[in-house]
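# Breakdown of the fold
If you want the building blocks of each chain, they are given just below.
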Amino acid sequence: MKAIILNEFGPASHLRFADLPVPQINDEEVLVKINAIGINPVDVKTRQGKGAAGAITESPIILGWDISGEVTESQSSRFKKGDEVFGMVNFPGHGKAYAEYVAAPAGHITLKPGNISHDEAAAACLAALTAWQSMTEHFQVKKNQRVLIQAGAGGVGHYAIQIAKHFGAYVIATSSEKNKKFILSLGADEHIDYKAVSFEDVVSDIDFVLNALSSDIAERSLSVIKQGGTLINIASSTTDAIQEKSQMKGIKVLHTMVKSNGKDMEQLADLLENNKMRSHISEVFALEDIQKAHNSIETGRTVGKIVVKP
Ligand SMILES: NC(=O)c1ccc[n+]([C@@H]2O[C@H](COP(=O)([O-])OP(=O)(O)OC[C@H]3O[C@@H](n4cnc5c(N)ncnc54)[C@H](OP(=O)(O)O)[C@@H]3O)[C@@H](O)[C@H]2O)c1
């Protein structure tokens, strides 16, 4: 089968095309013929030896965790040959998604809704799960709460806006001016152009911030959160200054990491099936062009998601 391998950490040029045997499946796994692969910033970080690199012990590394495709073999009573499935497999760990076939644990995937494409499904895995787990497991977003999404136009942010709206929150999201229409089209109640204004000057009384940006933004976010509110950082560490300020203000600060979870995937499938959430895909690449896909996500400027096709 076609696959993209990484023999040593480094730049995108280290991603190499290879011809590998189709993987064998174990108990409670299914073999999925891949139709689409979702790309995330952690793919780039792991390629560079950061991200999930520490959790991968086998060589060569096959990057990627987000898949959508068709079951061709099953060792699980939950899925049968011909089922269309999607999910984030083995994260944090060795996902091996950049390939024509993936051995997927049955507990990490769910059935793909019939009304969405494989591209839309592959997009709605790691990024959508991050937003879902942040707002259901680490913090419960409730009706009329005031929610601020930092980086609303990105992979995580665009799902987070829709999920927070699904729970009935009042949602404010940041992006540059060029993505304002997009943010509002996702249902956000307010948009802040972070290049034109400081969000601290125009926002207050926030119950929950999802910060997909730096610790500097996290620290600044503390000034707009009310006492008893919560800040979740997914992309930066909690500095001493953040610890101190949050304790003084009575704000809970968490650094969270998304985890593979088929039950959560079922919830996302339900939102997608019922048109409560959609994937926005801005670019689609062929697997052979994986280096271009990495260069694109590495800009930090992509809108919604990018997808790769084997
Ligand atoms: N801990 C976890 O489990 C976890 C899970 C998923 C992701 N992450 C991390 O979270 C981060 C975001 O992931 P992602 O997939 O959403 O990334 P992404 O799709 O690459 O995010 C790109 C978006 O970020 C926006 N952006 C950049 N700087 C901004 C700023 N200063 N203010 C507001 N928006 C800004 C851009 O909008 P503009 O062009 O309009 O600026 C762009 O649309 C990454 O570092 C990723 O590794 C962590």
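Residues numbered from 1 in each chain as written. Predicted model: local features only at pLDDT ≥ 70, side-chain atom pairs only at ≥ 80, totals over all residues.

## Points about the site of the ligand
The criterion, for reference: In this analysis, residues qualify as near a molecule or strand once their C-beta atom, positioned from backbone atoms, comes within 6 Å of it. Where helices and strands are cited, they refer to DSSP runs of H or I of at least four residues and of E of at least two residues respectively, numbered from the N terminus. Polar here means any residue other than Ala, Val, Leu, Ile, Met, Phe, Trp, Tyr, Cys and Pro, which are nonpolar, and Asp, Glu, Lys and Arg, which are charged; Gly is therefore polar.
Near the ligand, the surroundings consist of 30 residues, among which A153, G154, G155, S176 and A235 are the closest. For the shell around the ligand, the secondary-structure elements that each account for two or more residues are helix 1 (41–47), helix 3 (126–138), helix 4 (155–166) and strand 9 (170–175). Of the residues that constitute the shell around the ligand, the class distribution is 16 nonpolar, 13 polar and 1 charged.

## A look at the nonpolar core
This is how it is decided: In these notes, a nonpolar core means any group of buried Ala, Val, Leu, Ile, Met, Phe, Trp, Tyr and Cys residues linked to one another through C-beta atoms within 7 Å. Exposure criterion: with C-beta atoms placed from backbone coordinates, a residue whose C-beta has 20 or more other C-beta atoms within 10 Å is buried, one with 12 or fewer is exposed, and one in between is partly exposed. For the purposes of this description, domain bounds are those given by an automatic or database domain assignment. Remark: residues whose backbone-derived C-beta atoms lie within 7 Å of one another are considered to be in contact.
Grouped together as the largest cluster of nonpolar side chains are 102 residues, with contacts concentrated most on V32, I37, I67 and A164. Both of domain 1 (2–124 + 279–309) and domain 2 (127–255) provide at least three residues apiece to this core. Setting aside residues no more than four positions away along its own chain, I37 makes contact with G64, D66, I67, A97, Y98, A122, V307 and V308.

## A closer look at the sheet that holds strand 13 (residues 252–255)
Stated formally: A pair of strands is labelled paired if DSSP reports no fewer than 2 bridges between them. Axes here refer to lines fitted to C-alpha atoms; in helices the fit is confined to the stretch in contact. Angles between the N-to-C directions go from 0 to 180 degrees.
A sheet is described by the order of its strands in space; here 6 strands give the open sequence 10-9-8-11-12-13, paired in parallel fashion. Bordering the open sheet on either side are strand 10 (190–193) and strand 13, each of which pairs with just one other strand. Going across the sheet, the axis of each strand differs from the next one's by a mean of 15°, ignoring polarity. The pairing of strand 11 (residues 206–211) with strand 12 (residues 225–233) spans 5 bridges and is classified as parallel. Within strand 12, the residue paired with I206 across the bridge is I225.

## Quick word on helix 4
Along an α-helix, residues three or four apart share an orientation, since each turn contains 3.6 residues. Rules: For a helix, the expected span equals 1.5 Å multiplied by the number of residues minus one.
Its 12 residues give helix 4 an end-to-end C-alpha distance of 17 Å, which sits within 8% of 16 Å, the value for a rise of 1.5 Å per residue. Along helix 4, 10 of the 12 residues are buried, which leaves the element largely enclosed by surrounding structure. Every buried residue of helix 4 is listed here: G155, V156, G157, H158, Y159, A160, I161, Q162, I163 and A164. Buried residues in helix 4 make contact with helix 3, strand 8 (146–150), strand 9, helix 5 (180–185), strand 11 and strand 15 (305–309).

## Quick word on the domain arrangement of the chain
You can read the domains of the chain as domain 1 (2–124 + 279–309) and domain 2 (127–255). Look at where the C-alpha atoms of domain 1 and domain 2 centre, and you get two points 28 Å apart.

## Focus: the packing of helix 3 against helix 4
This is how it is decided: Every angle not falling under 35 degrees, over 145, or within 65 to 115 is termed oblique; those three ranges are roughly parallel, roughly antiparallel and roughly perpendicular. If you view the pair so one helix is near and one far, a crossing is left-handed when the near helix is turned anticlockwise from the far one by less than a right angle, and right-handed when it is turned clockwise.
With their axes 8 Å apart at the nearest point, helix 3 and helix 4 run at an angle of 45° to one another. Taken together, the axis directions place helix 3 and helix 4 in an arrangement best described as oblique. The hand of the helix 3/helix 4 crossing is right-handed. The residues of helix 4 that touch helix 3, namely those facing A127, A128, T130, A131, W132 and M135, are G155, V156, Y159, A160, I163 and A164. Its residues assigned to classes, the contact of helix 3 with helix 4 shows 10 nonpolar, 2 polar and no charged.

## Things to note about the packing of helix 3 against helix 9 (residues 262–273)
Relative to each other, helix 3 and helix 9 sit at 100°, their axes nearing to 10 Å. With respect to each other, helix 3 and helix 9 are oriented roughly perpendicular. Contact residues: helix 3 offers A128, L129, W132 and Q133, while helix 9 offers D264, Q267 and L268. Across the contact of helix 3 with helix 9, the residue classes break down as 4 nonpolar, 2 polar and 1 charged.

## What to know about the pairing of strand 10
Selection criterion: Crossover handedness is defined here as right-handed if the route from the first strand over the helix to the second strand goes clockwise, with the strands pointing away from the viewer.
Bridge analysis of strand 9 against strand 10 gives 4 bridges, and the strand direction is parallel. Bridge pairing in strand 10 places I172 opposite E190. Read from strand 9 through helix 5 to strand 10, the crossover connection turns out right-handed.

## Concerning unusual backbone geometry
With omega at -5°, the peptide bond leading from S59 into P60 counts as cis. Residue position: P60 is located in the loop between helix 1 and strand 4 (66–74). Each neighbour pair has its own omega, and for F91 with P92 the value is 0°, a cis peptide bond. Assignment of secondary structure puts P92 in the loop between strand 5 (84–88) and strand 6 (101–105). At D205, a residue that is not glycine, the phi angle is positive and equals roughly 55°. Within the secondary structure, D205 is located in the loop between helix 6 (199–202) and strand 11. In this model, N275 sits at a positive phi of 55°, which is unusual for a non-glycine residue. Take N275: it is sitting in the loop between helix 9 and strand 14 (281–286).

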